[in-house]
Amino acid sequence: MEDKLRAAFDSVHAEAELKERTMAFLAHAGAEAPARRRPAGRLRRTIAAAVACLLVLLGAGGYYTLLVPVSAISVDVNPSLELSLNRLDRVISVKGYNPEGEALASSLDLTFQPYTQALEEILASETVSAYLAEDNAVSITVACDNPDKSAQMLSAAQACAQGCGQVYCHESGSAELEEAHHAGMSVGKYRAFLELQALDPSVTEEEVQSMSMREIRDRIAALSGGETETSTGQGSQSSSGGYGQQSDSGGGWGQGGHHGHGNGGWQGHE
């Protein structure tokens, strides 16, 4: 079947790397499907139909539907990592923004999973569970320029975090995402940096990069008179908009350190 798909791909004009990514996506999806015996004739018809559908999909920009990031979700505690998502709400790459985040990203197989499943696996991982058990704060930040889609993603993230302890969920956008990547941080940690810097202008990006989210939140609380937001994990469905900018301008994606297939430019939801 793979040979037939590759032969079909040869007639489609697209970047070689993008073709390989799509083949990897299809192979991964096929591996998840339950194995069933089918008559040879039915199997051939199924392959032909799959190839035909694939060609139609490719002609309609299917490569970009599958493999170009349009939104992102960061998870920050001490490990700091970020998920890039395609238009189908599937994870197409995972990037760690510090050594702990890189180790966590490499230990989990999240590529092509729905982002809700990926979030649940991250929060249930041994690494993050250990931080939550020690009463550390976890920040989940969704970055999406479509307000309706952003609200949907935020609600889904809050649902994933229920019962997990101190988990805070926020919204952001592509402009802030680009700034975060330029600073070498995930969008969630960069958002916390901006909040802290507003209270203490002497704080630098380099200083925050080595801080855990608990350390950042403790400093914010100390500088703001002890006021803190309510965590989603304790049952609250409120979120702090704060520094999340809902910008319509396109931004770039951070380079290097990715586990997965997506590495295109920010496209944004229509």
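Described in the following lines is the structure provided in the data block. Just so it is clear, the structure is predicted and the values come from calculations on it, not from any experiment.

Some words on the overall build of the protein
Moving on, step 1. A count of helical and extended segments in the protein gives 12 helices and 6 strands.
Moving on, step 2. By residue count, 48% of the 270 residues in the protein fall in the buried class.
Moving on, step 3. At a minimum sequence separation of 6, the contacts of the protein that also span at least 24 residues come to 64%.

Concerning the environment of Val 68
Moving on, step 1. Inspection of the secondary structure assignment puts Val 68 in the loop between helix 4 (62-67) and strand 1 (71-76).
Moving on, step 2. On the basis of relative accessible area, Val 68 is assigned to the buried category, the value being 7%.
Moving on, step 3. Sequence-wise, Val 68 and Arg 87 are 19 residues apart; in three dimensions their C-alpha atoms are separated by 7.9 Å.

Observations concerning the pairing of strand 2 (residues 80-85)
Moving on, step 1. In terms of burial, strand 2 is a largely internal element, 6 of the 6 residues being buried.
Moving on, step 2. Of the two faces of strand 2, both are covered, the one formed by Ser 80, Glu 82 and Ser 84 as well as the one formed by Leu 81, Leu 83 and Leu 85.
Moving on, step 3. Judged from the 6 bridges that link them, strand 1 and strand 2 form a sheet pairing that is antiparallel. Opposite Ser 71, over in strand 2, you have Leu 85 as the bridge partner.
Moving on, step 4. Once strand 1 ends, the chain turns through 3 residues before running back antiparallel as strand 2.
Moving on, step 5. Pairing of strand 2 with strand 3 (residues 91-96), which is carried by 5 bridges, proceeds in the antiparallel orientation. For Leu 81, the partnering residue across the bridge sits in strand 3 and is Gly 96.

Describing unusual backbone geometry
A negative phi angle characterises most non-glycine residues, just as the trans form characterises most peptide bonds.
Moving on, step 1. One non-glycine residue with positive phi stands out, namely Asp 89, at about 65 degrees.
Moving on, step 2. Examined against the element boundaries, Asp 89 turns out to sit in the loop between strand 2 and strand 3.
Moving on, step 3. Asp 89 sits in the buried class, given a relative accessible area of 14%.
Moving on, step 4. Positive phi is not limited to glycine here, since Phe 112 has a value of about 75 degrees.
Moving on, step 5. Residue placement: Phe 112 occurs in the loop between helix 5 (99-107) and helix 6 (115-124).

As for the environment of Met 153
Moving on, step 1. Relative to the helices and strands, Met 153 is located in helix 8 (residues 147-161).
Moving on, step 2. The sequence separation of Met 153 and Val 142 amounts to 11 residues, and the corresponding C-alpha distance is 6.7 Å.

Considerations on the pattern of salt bridges
Moving on, step 1. Counted by the stated rule, this structure contains 4 salt bridges.
Moving on, step 2. Among the salt bridges present, the one from Asp 200 reaches Arg 219, with a minimum N-O distance of 3.2 Å. Placement of the pair is Asp 200 in the loop between helix 10 (187-199) and helix 11 (205-209) and Arg 219 in helix 12 (residues 213-223), with a sequence separation of 19 residues.
Moving on, step 3. By relative accessible area, Arg 219 is classed as partly exposed at 26%.
Moving on, step 4. Between Arg 219 and Glu 207 there is a salt bridge whose closest N-O contact spans 2.7 Å. One end of the pair, Arg 219, is in helix 12; the other, Glu 207, is in helix 11, with 12 residues separating them in the sequence.
Moving on, step 5. The network of salt bridges with common partners includes Asp 200, Glu 207 and Arg 219.

Overview of the pairing of strand 5 (residues 167-172)
Moving on, step 1. Taken across its 6 residues, strand 5 has 5 buried, putting it largely inside the fold.
Moving on, step 2. The pairing of strand 4 (residues 138-143) with strand 5 spans 6 bridges and is classified as parallel. In the sheet register, Thr 141 faces strand 5, and the bridge partner there is His 170.
Moving on, step 3. Assessed by its sense of winding, the connection that carries the chain from strand 4 through helix 8 to strand 5 is right-handed.

Parameters at a glance
- Residues numbered from 1 in each chain as written.
- Predicted model: local features only at pLDDT ≥ 70, side-chain atom pairs only at ≥ 80, totals over all residues.
- Heavy atoms only, no water.
- Helix = DSSP H or I, 4+ residues; strand = E, 2+ residues; numbered from the N terminus.
- Buried < 20%, exposed > 50% of the residue type's maximum accessible area, 1.4 Å probe, protein only.
- Contact = heavy atoms within 4.5 Å.
- Pairing = 2+ DSSP bridges.
- Salt bridge = Lys/Arg side-chain N within 4 Å of Asp/Glu carboxyl O.
- Right-handed = clockwise from strand over helix to strand, strands pointing away.

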